[in-house]
Amino acid sequence: LGFSGEFLPLVVAVSRWFEKRRGLALGIVGAGSPVGAMVIAPLSGYMVQQFGWRGTFIILGSIVGLMVMGAAQLIKGTPEEKGLLPYGRNSAENPTSGTVSAPPLSSIGAASPLTFTLRQALRAKNFWVLTGAMFLGSFSTSVIFTHLVPHATDPGVGASLSQAATLLSLLAAGSLVGRIALGTLSDRLGARTGLAICFGLGATAMLWLPLAKELSWLRIFALAYGFASGGMFTMFPMLMGELFGLASMGSILGVSRASTALGFASGGPIAGWMFD
């Protein structure tokens, strides 16, 4: 429950603080996840040896609790709370997160400062197309994170368990680069183009995976797929904000990201059943 909701408030807050370079800002915030995976995984392994898994959970839980509650006292949901404007907005410009009524559904997706409610977003084709795309993306990512190591240790590849485990680190490293690089690129080309790059690269990597019979090829795959999946989770909230505005972004993203949770929950088990 906590993990499923922790990213949403950050995405909404960052989106409201940045109009210019929003993609880069979201990418940097999202980079915390793969950095944490690369740092905490080996650290927790050492801590388990020193304190046992119960002691490690208590220590890590205490650190996370203190950090999150401390950060929550410092974060302001909107720049207006501090008498500021979002970065990149001139005081003479119209706000993009106001309370103007939504346009007709036929004009959804056009660049405009209008804001959608959750009910209006649920009636929009774009909402369901993006939600379905994120389900498929998270489904595939779940399959990779669950089954890549067993695949690498199968006789077809023959990697040792320690060699195969490094693939998860490469996935995290690729995700780190993808979130920041594609976030920066989307500021120039738009979130639609950025998301198209992510899905195109991810699909190409998945099609190439059955041909990867050597560990070195799997390492290239892990970096490429990690790059694509990391960028995807940066582009998605950015494009949602562009299409539907920011005033109801929390509820709109929350409903849509339920498909992401469903994809992560179902991908690994269904792929395992297909393998068996």
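Structural notes, computed from the coordinates. Not measured: the values here are computed from a predicted model.

## Focus on the packing of helix α7 (residues 161-189) against helix α9 (residues 215-244)
How two helices pack is summed up by the angle between their axes together with the distance between the axes.
Consideration 1: One way to put it is that α7 packs onto α9 with a least axis distance of 6 Å and a crossing angle of 40°. Classed by the angle they form, the pair α7 and α9 counts as oblique. The interaxial crossing formed by α7 with α9 has right-handed handedness.
Consideration 2: In terms of residue class, the contact of α7 with α9 is built from 14 nonpolar, 10 polar and three charged.

## With respect to the side chain of R89
Consideration 1: One can find R89 in the loop between α4 (32-74) and α5 (118-122).
Consideration 2: Judged by its relative accessible area of 11%, R89 is buried.
Consideration 3: In terms of polar contacts, R89 uses its side chain to reach the side chain of E19, at 2.6 Å.

## Observations concerning the nonpolar core
In summary, soluble globular proteins display a tendency toward joint burial of nonpolar side chains.
Consideration 1: Membership of the largest hydrophobic core comes to 30 residues, with the highest contact counts inside it found for F127, L130, M240, F244 and L253.
Consideration 2: Looking at this core, the elements that each hand over two or more residues are α2 (7-17), α3 (22-30), α6 (125-153), α8 (191-208), α9 and α10 (249-275).
Consideration 3: When neighbours within four sequence positions are excluded, L130 is seen to be in contact with L195, F236, L239, M240 and L243.

## Some points on unusual backbone geometry
Consideration 1: At R21, a position not held by glycine, the phi torsion is positive, near 60°.
Consideration 2: A relative accessible area of 47% means that R21 is categorised as partly exposed.

What counts and what doesn't
- Residues numbered from 1 in each chain as written.
- Predicted model: local features only at pLDDT ≥ 70, side-chain atom pairs only at ≥ 80, totals over all residues.
- Heavy atoms only, no water.
- Axes fitted to C-alpha atoms, helices over the stretch in contact; angles between N-to-C directions.
- Helix = DSSP H or I, 4+ residues; strand = E, 2+ residues; numbered from the N terminus.
- Parallel < 35°, antiparallel > 145°, perpendicular 65-115°, else oblique.
- Left-handed = near helix turned anticlockwise from the far one by under 90°.
- Nonpolar A, V, L, I, M, F, W, Y, C, P; charged D, E, K, R; others polar.
- Buried < 20%, exposed > 50% of the residue type's maximum accessible area, 1.4 Å probe, protein only.
- Polar contact = N/O pair within 3.5 Å; in protein donor to acceptor, adjacent residues only side chain to side chain.
- Core = buried A, V, L, I, M, F, W, Y, C linked by side-chain atoms within 4.5 Å.
- Contact = heavy atoms within 4.5 Å.

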